[in-house]
Amino acid sequence: MEQKIKVYRGNDEDIVNQGIIEESRLGWSVKQITTSPIVATDSWFIVVTVLYERPDQVENVV
């Protein structure tokens, strides 16, 4: 099983959703999503960490 982690700025939900859609087209599925608020000096934002996984052998269907 192959895994990878991608981190998105979570304040814009469309960016996260678009990232998940793009990865799923490449054969990756979402295993876990973690949301963490990050507090900066004068503002805050949300970081969304997505753990993707896919089988080692991906068969191409023609």
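Residues numbered from 1 in each chain as written. Predicted model: local features only at pLDDT ≥ 70, side-chain atom pairs only at ≥ 80, totals over all residues. Heavy atoms only, no water.

### Things to note about the overall build of the protein
Going by this rule: In DSSP terms, a helix is any run of H or I states spanning at least four residues, a strand is any run of E spanning at least two, and both are numbered starting from the N terminus. Residue exposure (1.4 Å probe, protein chains only): buried if accessible area is under 20% of the type maximum, exposed if over 50%, otherwise partly exposed. Contacts between residues were defined by any pair of non-hydrogen atoms, one from each residue, lying within 4.5 Å. Only four residue types enter the charge count: Lys and Arg as positive, Asp and Glu as negative, with His and the chain ends excluded. The atoms used to mark charge sites are NZ of Lys, CZ of Arg, CG of Asp and CD of Glu.
Each helix and strand counted, the protein has one helix and three strands in total. Seen in sequence order, the protein has helices and strands lined up from the N terminus as β-α-β-β. Along the longest, intermediate and shortest principal axes, the C-alpha atoms of the protein span 50 × 20 × 10 Å. For the protein, buried positions account for 19% of its 62 residues. A sequence separation of at least 24 residues applies to 58% of the contacts in the protein between residues at least 6 apart. Separation of charge centres in the protein, based on 6 positive and 10 negative side chains, amounts to 3 Å.

### A short note on the environment of Ile-20
With respect to the helices, strands and loops of the structure, Ile-20 is situated in helix 1 (residues 13-25). Each C-alpha atom, one on Ile-20 and one on Ile-33, is 11 Å from the other, the two residues being 13 residues apart in sequence. Excluding residues that lie within four positions of it along the chain, Ile-20 makes contacts with Tyr-8, Val-30, Ile-33 and Tyr-52.

### Quick look at the nonpolar core
Let me state the cut-off plainly: In this text, buried Ala, Val, Leu, Ile, Met, Phe, Trp, Tyr and Cys residues form a nonpolar core when linked through side-chain atoms within 4.5 Å.
By size, the foremost hydrophobic cluster in this structure holds six residues: Tyr-8, Val-16, Trp-28, Val-48, Val-50 and Tyr-52. Sorting elements by how many residues they give to this core places strand 3 (residues 44-54) first, with three residues. In contact with Val-16, other than residues within four places in its own chain, are Tyr-8, Arg-9, Gly-10 and Val-48.

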